[in-house]
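# Understanding the architecture of this molecule
Listed below, chain by chain, are the residues.
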Amino acid sequence: MLEIFDDMDTINQDSIASLIDRVPAWRREEALKFRHLFGQFASLKSYCMLQDMIGSTDKVSDWGYGENGKPFLKQLKGTYFNISHCKKGIAVAVDTEPIGVDIEAIKQPSDGLIDKVMNAKEAALINASANPSLAFTRLWTQKEAVSKLTGTGITDFMQDTLTPDIYDLYTVENAEKGYVYTIAKFKTT
């Protein structure tokens, strides 16, 4: 199950006020640590989206953290989730299997960034593309979703993260709203 929020023009103090009472005190404190309105909103909204998707306020409030810091719901064994946000949208994914999700605003990468995170084949695809920004963002969300699926996060080995025989990737490009998102799951046999 995936939910996307991309009505980012509606973010203001009133939208934060409408969410703040829906979250437990610990999440409220985390959200209000962000100095910018967007960070506060994204923290609160993504948590509320997760609550709505799970259908329970109590079960979402008890989080644990895995070996690499990946959060899980202590009371819902066999329920996996992942959250991502950018200036263009918020993505929340819930599944009965491990899942990773990433959403990113379409952006023009520097040559240095391409060299750092893409292998030669991926760099060639980006450079040959009619829309290099879109091609880069597509590959970046795939890499980030895989790193969130595995719980490793961004590493120095970003060039080697996309292994088609291990991961199923579902990527959606929303050029109108200016973002790309990818869901990553382990391939099932």
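Heads up: the structure comes first, above all this text.
Attention here is on the structure that accompanies the text. (Residues numbered from 1 in each chain as written. Predicted model: local features only at pLDDT ≥ 70, side-chain atom pairs only at ≥ 80, totals over all residues. Heavy atoms only, no water.)

With that out of the way, let us pick up the layout of surface pockets. Each pocket or cavity is described by its volume, and for the largest pocket that value is around 330 Å³. What lines the largest pocket is a set of 20 residues, among which Arg27, Trp63, Tyr65, Pro71 and Ile83 lie closest to the centre. The set of elements that each furnish at least two residues to the lining of the largest pocket consists of helix H2 (25–32), helix H3 (37–54), strand E2 (63–65), strand E4 (80–86) and helix H7 (132–150). Per-class residue counts for the lining of the largest pocket are seven nonpolar, nine polar and four charged. Taken as a whole, the second largest pocket encloses approximately 200 Å³ of empty space. If you trace the second largest pocket, you find 13 residues lining it, with Pro71, Phe72, Leu73, Thr79 and Tyr80 closest to the centre. For the lining of the second largest pocket, the secondary-structure elements that each account for two or more residues are strand E3 (71–73) and E4. The biggest single contributor to the lining of the second largest pocket is E3, with three residues. Classifying every residue of the lining of the second largest pocket gives eight nonpolar, two polar and three charged. (1 Å grid on protein atoms, 1.4 Å probe; cavity = no way out; pocket = protein on both sides within 12 Å on 5 of 7 lines; lining within 4 Å. Points joined across faces, edges and corners; volume = space filled by probe spheres on them. Helix = DSSP H or I, 4+ residues; strand = E, 2+ residues; numbered from the N terminus. Nonpolar A, V, L, I, M, F, W, Y, C, P; charged D, E, K, R; others polar.)

Let's shift gears to the pattern of salt bridges. Within the structure shown, the criterion is met by nine salt bridges. Two residues, Asp6 and Lys177, come together in a salt bridge whose shortest N-O distance is 3.8 Å. With a gap of 171 residues between them, Asp6 in the loop between strand E1 (2–5) and helix H1 (13–20) and Lys177 in the loop between strand E7 (167–174) and strand E8 (179–186) connect regions that are remote in the sequence. Here Asp6 falls in the partly exposed class, since its relative accessible area comes to 22%. Of the charged contacts in the structure, one is a salt bridge between Glu173 and Arg138, with a shortest N-O distance of 2.4 Å. Taken together, the residues span a long stretch of sequence, with Glu173 in strand E7 and Arg138 in helix H7 at a distance of 35 residues. (Salt bridge = Lys/Arg side-chain N within 4 Å of Asp/Glu carboxyl O. Buried < 20%, exposed > 50% of the residue type's maximum accessible area, 1.4 Å probe, protein only.)

Counting residues in hydrophobic clusters, the biggest one holds 25 residues, and the most contacted among them are Phe41, Leu44, Leu50, Trp63, Phe81, Ile90 and Val92. Sorting the residues of this core by element identifies H1, H3, E4 and strand E5 (89–95) as the ones contributing at least two each. Discounting chain neighbours no more than four positions away, the residues touching Phe41 are Phe5, Ile11, Ser15, Ile16, Leu19, Ser46 and Ile90. Among the nonpolar cores identified, the runner-up in size contains 10 residues, and Ala91, Ala93, Val101 and Tyr179 belong to it. (Core = buried A, V, L, I, M, F, W, Y, C linked by side-chain atoms within 4.5 Å. Contact = heavy atoms within 4.5 Å.)

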